[in-house]
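Inside the fold
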Amino acid sequence: MADPMKIRANLVGDSTEVKVLMSHEMETGQRKDAQGKTIPAWFIQKVKVTHNDKVVLAAQWGPAVSKNPFVSFKFKGGAKGDKVKITWVDNHDDSRTDEATIA
Amino acid sequence: MRTRIVGRCVASIAVIGIAVSVVYGCASAPAKNDVGERAEAMMKSSFKAHGQATLARLDQDETQRVCSEYAERALPPATAERIEKANLDTIRYPADGNLVGDWKSGEKIAQSGQGFQYSDDPKKPAGANCYACHQLSPKELSYGTIGPSLYRFGKDRGYTDETRRYAWQKIYNAEAFAACSNLPRFGYHHILTEQQIRDVVALLVDPASPVNQ
Amino acid sequence: MRTMIRLAVAAGAAAVFAASTGAALGESTADEIAKYREALQDGNPAELWEARGEEMWKAPRGPNKVSFERCDLGLGPGVVKGAYAQLPRYFPDAKRVMDLETRLVWCMVRQQGMSEADALKNTFGDGSAKRSDLEALAAYVASQSQGIRMHVALDEPHVHDMYRLGEKMFYYRGGTHDFSCATCHGDDGKRIRLQDLPNLTKVEGARKAYTTWPAYRVSQGEVRTFQWRLNDCFRQQRFPELAFGSDASIALTAYLAGRANGAEYAGPAIKR
């Protein structure tokens, strides 16, 4: 099970600002190890963020996103105490879901 | 109970029937370089041999010892002269008298930072890593500033035998000219081969070299 | 009028072009790198190490199943807030001046019951699967000193002695390349390739440099500590390997941390 994400969700005016730090190798599949063998690709492909079960961000990522990705975004609405849920799925079909409360 | 001995010797002695701490041992009149000697001993016991980097690398020659002692302070002129002469005496020249090689190979040597680290492959040739500290070819923007710019080295000094000889000497052992120089002594320490030094000389003095464009 | 505007635009463009080439390149490159670092500070992956370290700090570990909450970093058992800013310090129970990592190892061995070999098994992570507990713990403890002014007790005799020894070591020329720490860190405004070098012979340089370690090194994909920094410097100086937690590593840390006294601790930071 991958490491938990670090999520901060804050109400700023009438929008919610969310900052997420994900723990993931994001291996591109282009690198070679010391023996010359290609290190297999291993990266997050899908990201979904929901607020009160409504999708506020959906993303499709590729190997261009670097290791331990950080994403920061805003969505209209949200109130203190609401839950924001973030899920990522990678090319090994591993996934991780974490939740945060809007402050 | 602990007694603190004041003065040049600072130590803490436990007087509870336990042996006096030998690490902070105090002579009645500690030598001026007592801290220096202890620092050297502590260094030597704090490192491990790793691959080609043996503990012998921590043994200082006279030049390294003097330069460490003076740290940031200027050397007295007599001392500087002595160091410079001793280093000049170490310089060896090719048997055929040819000091200039191929600047294209010289550029590769100047770009390469590999060699002599315990992480390096000892079978591969070492580089001189010139660009770590110097500007050379104007086409290379990624250069360091620890040393002066070598751009137009040959052009500025003239394409003469004197310039070629000076370049050879500087690379072989820069401390022949400047005691305690930061420039590694590439010839004296056998970092570069004779041919490699010729190639770096060419990079500096060949009129066709990018350094002189 | 139109001619004047065209000339002004041309002059402006020329000025921008000139600023980005030649002699000015050094300054603008350094500025751009500073901007890059600032942008990356938000969402510093070091936070992931801090979170892991915090979990580790509180969990029972080792054969004795004891947590670090019993570990005294100088301010009392389990006290982490402000601990990093007063290290290295002399610990009477160990009869030794210790930095953060040597103290953590001491607690792992003496309190948690680990063997020293086990405690030192993974000192530095390898950038992927092999992770270091010590790096995560160091990130966590250091983060709890953010904003607190460095105050290493230089008047304590043992620390004072290590400080003086570290100062000597800083100027120790050796190895195949005659390098000392001062070779790279002895002057203002120098850089190696395009990496700016702090002048550690001056207090201002030591303050800026010491207060940003540990740091997430993007190129390493790991949080790196001051033990790592010293070890990697000596490797590049063509010296043999600096032993983890050795006296020399602590003396040099005491020297540089002591010179940073008065500066606000700003880590864990993010570096290239």
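Refer to the structure printed above.
Report follows, based on the coordinates. Owing to the predicted nature of the structure, the values given are computational and were not obtained by experimental measurement. (Residues numbered from 1 in each chain as written. Chains lettered and ligands numbered in written order. Predicted model: local features only at pLDDT ≥ 70, side-chain atom pairs only at ≥ 80, totals over all residues.)

1. Concerning the interface of chain C and chain A
- The partner chain A presents eleven residues to the nine residues of chain C that form the contact.
- Tallied by class, the residues present in the side of chain C that touches chain A amount to three nonpolar, three polar and three charged. (Contact = placed C-beta atoms within 7 Å. Nonpolar A, V, L, I, M, F, W, Y, C, P; charged D, E, K, R; others polar.)

2. Some words on the sheet that holds strand β8 (residues 269-271) of chain C
Residues and elements named next belong to chain C.
- Read across the sheet, three strands follow the order β6-β5-β8 without closing on themselves; strand pairing throughout is mixed. Each end of this open sheet is capped by a strand with a single partner; those strands are β6 (222-224) and β8. Within the sheet, the average angular offset between the axes of one strand and its neighbour, ignoring direction, is 35 degrees.
- The pairing of strand β5 (residues 215-217) with β8 spans three bridges and is parallel. Paired with Arg217 across the bridge in β8 is Lys271. (Pairing = 2+ DSSP bridges. Helix = DSSP H or I, 4+ residues; strand = E, 2+ residues; numbered from the N terminus. Axes fitted to C-alpha atoms, helices over the stretch in contact; angles between N-to-C directions.)

3. Comments concerning the interface of chain C and chain B
- Every contact between the two is made by 40 residues of chain C and, on the other side, 45 residues of chain B.
- At the level of elements, α7 (157-170), α8 (181-185), β3 (190-192), α10 (226-236), β7 (241-242) and α11 (247-259) of chain C are the ones that each hand at least two residues to the side of chain C that touches chain B.
- With eight residues, α7(C) is the single largest residue contributor to the side of chain C that touches chain B.
- When grouped by side-chain class, the residues that make up the side of chain C that touches chain B number 15 nonpolar, 13 polar and twelve charged.
- Judged from the two bridges that link them, strand β3 (residues 47-48) of chain B and β7(C) form a sheet pairing that is antiparallel. Opposite Lys48(B), over in β7(C), you have Glu241(C) as the bridge partner.

4. Things to note about the pairing of strand β3 (residues 44-51) of chain A
Residue and element names in this part refer to chain A.
- Pairing of β3 with strand β6 (residues 83-90), which is carried by seven bridges, proceeds in the antiparallel orientation. Across the sheet, residue Lys48 finds its bridge partner in β6, namely Thr87.
- As paired elements, β3 and strand β4 (residues 54-60) share six bridges and run antiparallel to each other. Bridge pairing in β4 links Thr50 to Val55.
- The antiparallel hairpin formed by β3 and β4 contains two residues in its connecting segment, where Asn52 sits at a positive phi of about 50 degrees.

5. Some points on the packing of helix α1 (residues 34-44) of chain B against α7(C)
- Put simply, α1(B) and α7(C) touch, their axes get as near as 9 Å, and they point 75 degrees apart. By the criterion of interaxial angle, the relationship of α1(B) to α7(C) is roughly perpendicular. Contacts between α1(B) and α7(C) involve Val35(B), Gly36(B), Arg38(B), Ala39(B), Met42(B) and Met43(B) on the former and, on the latter, Arg164(C), Leu165(C), Lys168(C) and Met169(C). (Parallel < 35°, antiparallel > 145°, perpendicular 65-115°, else oblique.)

6. Considerations on the packing of helix α3 (residues 46-58) of chain C against helix α6 (residues 133-143) of chain C
Residues and elements named next belong to chain C.
- Running from N to C, α3 and α6 point in directions that differ by 95 degrees, and their axes come no closer than 7 Å. Taken together, the axes of α3 and α6 lie roughly perpendicular to each other. Seen from α3, the contacting residues are Ala46, Trp49, Glu50, Arg52, Gly53, Glu54, Met56 and Trp57; seen from α6, they are Asp133, Glu135, Ala136, Leu137, Ala139, Tyr140 and Ser143.
- Split by residue class, the contact of α3 with α6 holds eight nonpolar, two polar and five charged.

7. Brief notes about the pairing of strand β2 (residues 15-21) of chain A
All names here are of chain A.
- Pairing geometry for strand β1 (residues 6-12) and β2, over seven bridges, is antiparallel. Following the sheet pairing, Leu11 is matched in β2 by Thr16.
- Where β1 folds back on β2, the antiparallel hairpin that results is connected by two residues, among which Gly13 adopts a positive phi of roughly 70 degrees.

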